[in-house]
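# Chain and residue survey
Listed below are the residues making up each chain.
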Amino acid sequence: MLGGFGGKSSSGGRKSLRVAVAGDKGTGKSSLISAVASETFPDNVPRVLPPTTLPADAYPDYIPITIIDTPSRSLSNHPNCVVLPELSMAPDVFYYALKAVLHPTFPLFDQEKQCLKPRLRRAVQRIFNFCDQDLDGALNDAELNDFQVNCFGAPLDPVELMGVKRVVQERQPDGVTDLGLTLPGFLFLFSLFIERGRPETAWAILRKFGYNDSLELNTELLTVPAKHSPDQSIELTNETMDFLRGFFQLYDLDNDGALRPDELDDLFQTAPDSPWLEAPYKDAAEKTPGGKLTINGFLSEWALMTLLDPRKTLANLIYIGYGHDPASAFSVTRKRSVDRKKQRTERNVFQCFVFGPKKSGKSALLDSFLESKFSDGYKATVGERYAANVVDQPGGCKKTLILREIPEDRVKKFLANKEALAACDVAVVVYDSSDVYSWRKAREMLMEVARKGEESGYGTPCVLVAAKDDLDAYPMSVQESDRVCMELGIDIPVSVSMKDDERNSLFRKIVSTAENPHMSVPETESGRRSKNIRQVVNSSLLFVSVGTAVGFAGLAAYRAYSARKNA
């Protein structure tokens, strides 16, 4: 099940376990293995035993254990000789080894601080929220028994239930109210399991709710639709976007259309971590001058995460309480090649690759897209960078645009991949209009993108951007850029300055270009010749096919005439 139960057993899905026994010479490694395998202490054992497998029913977890003996190494020259434990204690050695692997305490409890670790607290809160069906902030007797049955297969009788609540109330006064067991009380039970040396109980609950050893959802539970072609993409459905809008409003306590960092942390309080703290999501969406994440920024982060890692999106949807069928959360887009043939697209999210030489204004373009304040200082982008935002189109239509900056020193390697442009809806090539060197480098990149599109079959609409329009333009670059665009069959460059307020028209231009995938696709001279040759060949084949068909028809008619005449 998506929202709660249906996870793996308390063993975490393991079907076997291997235990290596190491130690100094003469300490009894091989004797220990022989004792637990044969239930006797043999007089003579080999120096190194072959792998020994204990049957699955040897321990409560029903997992076969393979014990690996290791050659003796002189780790120390300690004079004291180690006397083996009693036979009854020998199985305990491997029982605790099994327990340490299958039910580790380390991910759950901070021994130094003597408290539950943050990831466990977040997981327990999600489980509590799932079980609190009436949303009153407490688990009543019926909800506790449902939890007990789903996790352990049997309900608690009334006396046991009262005993549990009494223990909680004695140790955690705010853990029980008239409504039932509260979240602090539920958390206390997990502390009690660990305190009493029963981490396996905590793990049985966690794994029933789909958690792995890292306290994240098992990937087997995260089924997302598959792409059948590299020029397809995965988007969130309109219903899922509506769910996210409503969830955003629940945590926007001051109703200002933006979330403070602490409000965003609260929103993801039942996830292992906030998913957008690191690249590529950090600083990839629109924020207010005060650092709040806007509603457009919030939805754009989800769109970006879905584009790059749909399983991560699904996991976080489940963490925050999305309980619908995963199939209803996503949609797979049509192939871009089909969109071009049909001359329209149904996509709501467009990905734009941003190329350009150093200091051309690529980073400033992405900053401007996120409504960030313009900075005169130059800071080179290290690695690839993303910027996502919602673009308002004429007629009230809203599309999500994702800009992906490709650094100059990575362009050659990037385009070496045959499918590099498959995921690209629009390629934007930026150059400094005041610098002739910048224009020449940008022209090379534009031609390379055009050639790559023709060779791979993933021809991509292109937009050329003449940045830094507030500076004096280099005359030759203006003339050459218009000529190159005309030769390639794309629109002339869009002149823009990131210092003025007219830059939003550029982003609308990019989205408009993506919405018309059959237009603005550059065509080189060699590509044009190849296209003409293919058209001639196809016409010739059609002519030959028609001629052949006519010939066969005439022959058939002649034979029929001859047959009738002879008759």
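Reading the values: the criteria
Starting from 1, residues in each chain are numbered consecutively following that chain's sequence as written. Given that this is a predicted model, residues contribute local features only at a pLDDT of at least 70 and side-chain atom pairs are listed and counted only at 80 or more, while totals for whole chains, interfaces and linings are drawn from all residues. Think of the side-chain values as coming from all heavy atoms in the structure, minus any hydrogens and water. We count a stretch as a helix when DSSP gives it H or I for four or more residues in a row; a strand needs E for two or more, and each element gets its number in order from the N terminus. Three labels apply to residues, based on accessible area from a 1.4 Å probe with only protein chains included: buried if under 20% of the type maximum, exposed if over 50%, partly exposed otherwise in between. Contact between two residues is taken to exist if any of their heavy atoms lie within 4.5 Å; hydrogens are not considered. Here the nonpolar core consists of buried residues drawn from Ala, Val, Leu, Ile, Met, Phe, Trp, Tyr and Cys, with membership extended through side-chain atoms lying within 4.5 Å. In this analysis, axes come from line fits to C-alpha atoms, helices being fitted only over the stretch in contact, and the angle between any two N-to-C directions falls in the range 0 to 180 degrees. Should an angle fall under 35 degrees it is taken as roughly parallel, and over 145 as roughly antiparallel, whereas 65 to 115 is taken as roughly perpendicular and any remaining angle as oblique. All amino acids are sorted into three groups, where Ala, Val, Leu, Ile, Met, Phe, Trp, Tyr, Cys and Pro are nonpolar, Asp, Glu, Lys and Arg are charged, and the leftover types, Gly among them, are polar. UniProt positions are given in the numbering used here, feature names are shortened, and annotations may be inferred rather than shown by experiment. Here, strands pair whenever DSSP counts at least two bridges between them. Geometry of aromatic contacts follows a simple scheme: Phe, Tyr and Trp rings, the Trp one being its six-membered ring, pair when their centres are within 6.5 Å, and the pair is stacked under 30 degrees between planes, edge-to-face over 60, tilted otherwise. Any carboxyl oxygen of Asp or Glu within 4 Å of a side-chain nitrogen of Lys or Arg constitutes a salt bridge here. By this rule, a helix spans an expected 1.5 Å times one less than how many residues it contains. Whether a crossover is right-handed depends on one test, that the path from the first strand over the helix to the second runs clockwise when the strands point away from the viewer.

Right, let's talk about the side chain of Q148 for a bit. Residue position: Q148 is located in helix 4 (residues 141–152). Taking relative accessible area as the criterion, Q148 reaches 17% and is therefore assigned buried. Other than its neighbours up to four places away in sequence, Q148 contacts G153, A154, P155 and L156.

Residues F298 and W302 are the most contacted members of the largest nonpolar core, which totals 70 residues. Element by element, the count of residues in this core is highest for helix 6 (residues 183–195), at eight residues. Setting aside residues no more than four positions away along its own chain, W302 makes contact with L236, L244, F268, W276, T313, N316, L317 and I320. Counting residues in each nonpolar core, the second largest holds 26 residues, with A420, A427, V429 and L464 among its members.

Viewed as axis vectors pointing N to C, helix 4 and helix 7 (residues 199–208) meet at an angle of 90°, and their least axial separation amounts to 9 Å. Accordingly, the angle class assigned to the pair helix 4 and helix 7 is roughly perpendicular. Contacts between helix 4 and helix 7 pair F147, N150, C151 and F152 from the former with T201, A204, I205 and K208 from the latter. Residues of the contact of helix 4 with helix 7, tallied by class, amount to five nonpolar, two polar and one charged.

Moving on, we get to helix 13 (residues 362–369). Counting buried positions along helix 13 gives six out of eight residues, so the element sits mostly inside the fold. Those residues of helix 13 lying buried are K362, S363, L365, L366, S368 and F369. Tucked inside the fold, the buried residues of helix 13 contact strand 12 (349–355), strand 13 (385–392), strand 14 (398–405), strand 15 (426–432) and helix 17 (504–515). Within two residues after helix 13, E371 carries a phi angle of roughly 60°, on the positive side.

Let us look at the UniProt feature "domain: EF-hand" (unreviewed entry) in the chain. What UniProt calls "domain: EF-hand" (unreviewed entry) maps, in this numbering, to residues 239–274. As a span, residues 239–274 carries 56% helix and 6% strand, and end to end its C-alpha atoms are 23 Å apart.

Spatial strand order, 13-14-12-15-16-17: six strands in an open sheet with mixed pairing. Each end of this open sheet is capped by a strand with a single partner; those strands are strand 13 and strand 17 (494–495). With four bridges connecting them, strand 12 and strand 15 associate as parallel partners. Each residue of the ladder has a partner; that of F355, found in strand 15, is V429. Packed on one face of the sheet, helix 10 (residues 295–308) meets strand 12, strand 13 and strand 14 and runs near 125° to strand 13.

Attention shifts here to the packing of aromatic side chains. As enumerated under the stated definition, the model contains 19 aromatic pairs in all. A ring pair is formed by F248 and F298, whose centres lie 5.2 Å apart and whose planes are at 50°; its orientation type is tilted. Within this pair, whereas F248 is found in helix 8 (residues 238–251), its partner F298 is found in helix 10, the two being separated by 50 residues in sequence. For F298, a relative accessible area of 0% gives the class buried. When the ring of W276 is compared with that of F298, the centres are 5.8 Å apart and the planes differ by 70°; the resulting orientation is edge-to-face. Of this pair, W276 sits in the loop between helix 9 (261–267) and strand 10 (293–294) while F298 is found in helix 10, placing the two residues 22 residues apart along the sequence. With respect to class, W276 is no different from F298; both count as buried.

This part takes up the environment of V21. Looking at the secondary structure, you find V21 in strand 1 (residues 17–21). With a relative accessible area of 11%, V21 lands in the buried category. Separated by 50 residues in sequence, V21 and P71 have C-alpha atoms that sit 9.4 Å apart. Those residues in contact with V21 that sit more than four places away from it in its chain are K29, I33, I67, I68, D69, T70 and F94.

With that out of the way, let us pick up the pattern of salt bridges. This model, assessed by the stated rule, comprises 27 salt bridges. Across the pair R119 and D273 runs a salt bridge whose closest N-O atoms are separated by 2.4 Å. One end of the pair, R119, is in helix 3 (residues 118–131); the other, D273, is in the loop between helix 9 and strand 10, with 154 residues separating them in the sequence. Salt bridges here are not isolated pairs; linked through shared partners, they connect D254, D256, R260, D262, E263 and K292.

With omega at 5°, the peptide bond leading from A279 into P280 counts as cis. For P280, the position within the fold is in the loop between helix 9 and strand 10. For N255, which is not glycine, the phi torsion reads 55° and is therefore positive. Positionally, N255 belongs in the loop between helix 8 and strand 9 (258–259). Owing to a relative accessible area of 66%, N255 belongs among the exposed residues under this scheme. Of note, the phi angle at K468 is positive, near 60°, even though the residue is not glycine. Tracing the backbone through its elements, the reader meets K468 in the loop between strand 16 (462–467) and helix 16 (475–488).

On to helix 6. With 13 residues, helix 6 should cover 18 Å at 1.5 Å per step; its first-to-last C-alpha distance of 18 Å lies within 8% of that length. Along helix 6, the positions that sit buried rather than exposed are G185, F186, L187, F188, L189, F190, L192, F193 and I194. Looking at the residues trailing helix 6, positive phi occurs at G197, about 70°.

A few words on the pairing of strand 16. Of all six residues in strand 16, six are buried, a share of seventy percent or more. With burial as the criterion, each face of strand 16 is covered, one bearing C462, L464 and A466 and the other bearing V463, V465 and A467. Strand direction decides the pairing type here: strand 15 and strand 16, joined by six bridges, are parallel. From the neighbouring strand, A427 faces strand 16, where its bridge partner is C462. In this region the chain leaves strand 15, passes through helix 15 (residues 436–456) and returns to the parallel neighbour strand 16; the handedness of that crossover is right-handed. Across two bridges, strand 16 lies against strand 17 in parallel orientation. Within strand 17, the position partnered with A466 by the bridge is S495. Note on the crossover from strand 16 through helix 16 to strand 17: the handedness is right-handed.

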